[in-house]
Every structure is written in structure tokens, then in C-alpha cells.
Amino acid sequence: MMKLWGGRFRKDTNKMVEDFTASIYFDCRLAEEDITGSIAHAQMLAKTGIITREESAEIIRGLQEIRREIREGVFEYRVELEDIHMHIEKRLIEKIGATGGKLHTARSRNDQVALDMHMYVKKEIIETVDLIARLQGALIALAEKNLEVIIPGYTHLQRAQPVLISHHLMAYFCMLERDAQRFRENYKRADIMPLGAGALAGTSFPIDREYVAELLGFENIYDNSMDAVSDRDYLLEFLSNASLLMMHLSRFCEDLILWSSSEFQFIEMDDAFCTGSSIMPQKKNPDVAELVRGKTGRVYGSLLALLTIMKSLPLTYNKDMQEDKEGLFDTVDTIQCCLEVMAPMVESIQVNGEKTRKAVEEDYSAATDLADYLVKKGMPFREAHEVIGKLVAYCLEQGKLLKEVSQKELKSFSEFFDEGALLWLNPEKGVDSRNIRGGTSSEQVRRFLQKAKSQQRENTGLLTK
Ligand code: ARG
């Protein structure tokens, strides 16, 4: 088949090379954006008198028919046509004849592919933020349902201080909130219109870039044609944001996996979100959470791949840059399906109040509160730390829990201990005493939940805002 760029060639392309260089296998995903962008371009070509109104109308009609063919799944893809841009242009010429060949006036595939990718990423950012909001909603619901449940808080995976499980869950809400903010920032850098850059140097035709930007809903326009076709920073930003998001999701999943293990039993994951073992009949595995944790790897991989692809590329377009797509598409699919499946999974979690209660009673995590008690009585903190350390060592030797020590025993460790001291062995008291902004007291968590709800609403339905 005669290539659209075949004029200067005396030989057909080697079959292997056709296959090797083609991107149609994956950039067919840009079909909608490509057609929408081409329609705007054709409208602009008519408005500026570069082609006639009739020609433009004919081109647009042809493009609309092609869009229908693609949507209905009857459009034919052929490796020799290389990429989605060539496919659509070739089909247009097939359909409407020579006039179709006027569409590519004042345009290059270099600014065309950049336009498609900007449009694609804008759309997917909005979808992603919406999905983040859904998971945030699930976290709010689970936190509210179990607001007063106390669990051990951990450092080094050792019991540290008691916290409300709602506080622990809302920590993830906050991380997701920053993820959403980062994607929303990313949107600004995707919202710059590259068309008009041509191959690299701009065009000698009197095009109207502002008009195209307006038609396609772009806030800004690239100021430098070489920059417009060269950079992929907005994609790298997306991949980086996606990596941070996955890092957060994978930590959350790790907590859920631990909490649902027989060793913890803090939560019960819903049967609908777990799977069984082919050999061990008793097993109920938290596969979804594990897979989210696992998929984090491929998202990091795509970020590293594109950073490496872009490194040291001379200006402007280089074919290397075609490699930006698969990792990006895979990342979009990966983060979106993780967010999508996690929301209902989180919402269906049952917290096991008996087990969490037992865990906080059986540990020594009231130790800080006891030390603070001594400090409030006038003892320097370092000294108090030492006294309570000795008390814990004594309990361990005696095989006692903190809640089992008597007033008399306490007194033997320090004169400062009086009646009120035993109260601090009650985890509720410890939790509720942390009543500063950002602390784990139920008053603070309740207050934050109100703020969280409005943040969550802000991230919902951005498209219509
Ligand atoms: N398929 C190409 C890509 O994805 C489109 C741009 C091709 N431009 C070129 N000069 N070969 O990057």
C-alpha cells in the first residue's frame, strides 16, 4: 500500500519494520481525541480561509462517519498504516477523496499526537480524581461507623500508643486528599494546547490557535512550538502522581492485610472481596488488597521507563517518544481499577470490636500516658520515662499487664503516683486526652470528618464544576 508519506521512497517498507514501528496496537485508544482534535482543526482552517467552508464541512462529515465506524467496531486497523493518525486520515481520503488530503494542512503528526495526549490525560485526570473521591467516601463511611473503636497505634510495627481506628483510617483519607490535589495541579499542565506547533517550527499558514483552544476547551496555549512537540512532562507528572497514589494505596492495603490476619483479627474483609485456596479449604485470602499492593510495582516501572526514555533526547520530536503511551495507558487502567475496587471493599469491612479491645488492653501502650501523668505532677519528662520504663520491666517480669498493677505497686515506683494515676490505664482516657488539632481524640476526629466531607465533595464531579 502507498504510504501517506511514500513520495520520496523507492522501496516498500520491510514488513518487520512496519510491525516494529507501528503504534496502532495501542494508540487506537486515542481515536476519539484524534477525531475531536481534527474536527476543531478543520473548523479553524475554514474560519481562517485556509480551506473553504464546503471543504471543511465535507471533512467534518467524513470524520464523524469515521467516528461512528470506530464506535461500532467496524473500522479496519492495518499495521501498514502505522498509527491512529494515519488510519483516520487515510480513511478520510478513501471516503471523501482528495479534499480529505487538505485536513493535514498546517499540521504535523508531531503536534497532532501531542494534542491527542493532552486531551486524553485531561479526561483521565478528571476520572481519576472522581475515583479518588469515591474511595475517600468509603473511608469516611467506615471511620464514622467505627468512630470510637480503639486499636493499638504502631511504630516499628510494635504497639506504641492507643488510637481511634477512625483516626488511623482518616490518615489515609488525608494522603488521598493530597493525591487528588496533585492530580488537579497536573490538570493545569495538561490544559495547554500544542496544536499549531507543526512539526517543530510553527506554520506559515495564518492559523488561529486561540480559536482551536477555545473549541477544544483548553485554558492555555504552548508559547514555543519546539517545547510543544518535545516535552512529555505533563505525562511524567501524571505517572509520578500515580506512583505516589499507588504507594499510599499499597500501604493501606498492607494494613488491611495485617489487620485481617489471624494474628490481628482487627477486621473481617467481606467474603465478596476475598478468594479461597485451591488446596486449603479453610483459607480466605485478601487477594484484592494484595494485588493492589503488587500492581504498585508496574506503575513505578512506567514512571521510571518514561523518565529514562526522555532523558537526553535532543529537541524536538524523536520516535523514542512513541514509547510514552503503553506505560501511560497501563497506568491509567491500573490506578483506576484499583481505586474502583477498593471503594466497595473498604466500605464492606467489619471491625471486630472485641479483638481490638483485647489488643489495647493487653499491651503496654498506656506507658506514655503514665509518664505524662508524672510530668503533669512536676517530674521532668526524662525522669518520668525512666520510672515508667522500670514499671514496665517489673510488669514483664511478673507477667502482669499494666492494667493489673495496683495503686500500691505504682506508689513503690514513685511518690508522685496518687489515686488518679490508675485512670490513665484506661485507653479511652489516653485517646481522648490527645485533644489537639490533628490528635486522635474523638472530638478531633469528629471535627476533621466534617472537613473531610467537604474535601471529598470538592473532588467529586469535577467535570461539571
Ligand atoms: N505514532 C507517533 C507517536 O506516537 C505519532 C507521531 C509521529 N511523528 C513522526 N514524526 N513520526 O509518537
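It should be emphasised that the depicted structure is a prediction, and the values quoted were computed from it without experimental measurement. (Residues numbered from 1 in each chain as written. Predicted model: local features only at pLDDT ≥ 70, side-chain atom pairs only at ≥ 80, totals over all residues. Heavy atoms only, no water.)

A. Examining the packing of aromatic side chains more closely. Scanning the model with the defined rule gives 11 aromatic pairs in all. Every member of this aromatic cluster is reached through a ring pair, and the members are Tyr154, Trp259, Phe264 and Phe266. Note that Arg8 overlies the ring of Phe9, its terminal NZ or CZ placed 5.6 Å from the centroid. The ring of Phe218 has Lys122 lying over it, and the distance from NZ or CZ to the ring centre is 4.0 Å. (Phe/Tyr/Trp six-rings, centres within 6.5 Å; stacked < 30°, edge-to-face > 60°. Lys NZ or Arg CZ within 6 Å of the ring centre and 35° of its normal.)

B. The pairing of strand S1 (residues 150-155), seen in detail. Alignment of S1 against strand S2 (residues 158-164), held across 6 bridges, turns out to be antiparallel. Following the sheet pairing, Pro152 is matched in S2 by Pro162. Adjacent in sequence and paired antiparallel, S1 and S2 are bridged by 2 residues, among which His156 carries a positive phi angle near 55 degrees. (Pairing = 2+ DSSP bridges. Helix = DSSP H or I, 4+ residues; strand = E, 2+ residues; numbered from the N terminus.)

C. Structural view of the site of the ligand. For the ligand, the full set of nearby residues is Ser23, Asp27, Asp83, His85, Arg109, Asn110, Val113, Tyr317, Gln322 and Lys325. Within the side chain of Asp83, an N or O atom sits 3.0 Å from a nitrogen atom of the ligand. A distance of 2.9 Å is found between a nitrogen atom of the ligand and a side-chain nitrogen or oxygen belonging to Asn110. Contact with the protein chains covers 86% of the free accessible surface of the ligand, which is 340 Å². (Near = heavy atom within 4 Å. Polar contact = N/O pair within 3.5 Å; in protein donor to acceptor, adjacent residues only side chain to side chain. Areas by Shrake-Rupley, 256 points an atom, 1.4 Å probe, with all protein chains shown as cover.)

D. Representation of the nonpolar core. Ranked by size, the top nonpolar core spans 117 residues in total, and within it Val121, Phe183, Leu249 and Trp259 carry the most contacts. Here this core takes 16 residues from helix H6 (residues 109-145), the largest share from any one element. Those residues in contact with Phe183, other than ones at most four positions away along the chain, are Ile125, Thr128, Val129, Ile132, Phe238, Asn241, Ala242, Leu245 and Ile335. If you look at the next biggest cluster of nonpolar residues, it comprises 20 residues, including Met379, Val387, Val405 and Phe417. (Core = buried A, V, L, I, M, F, W, Y, C linked by side-chain atoms within 4.5 Å. Buried < 20%, exposed > 50% of the residue type's maximum accessible area, 1.4 Å probe, protein only. Contact = heavy atoms within 4.5 Å.)

E. Representation of the pattern of salt bridges in the model. In this structure the tally under the stated criterion is 38 salt bridges. Two residues, Glu254 and Arg293, come together in a salt bridge whose shortest N-O distance is 2.4 Å. With Glu254 in helix H10 (residues 233-259) and Arg293 in helix H11 (residues 287-310), this pair connects stretches of sequence that are 39 residues apart. Across the pair Lys358 and Glu362 runs a salt bridge, and its minimum N-O distance is 3.4 Å. Lys358 sits in the partly exposed class, given a relative accessible area of 47%. Note on Glu362: relative accessible area 38%, which makes it partly exposed. (Salt bridge = Lys/Arg side-chain N within 4 Å of Asp/Glu carboxyl O.)

This is a description of form; function is not addressed.
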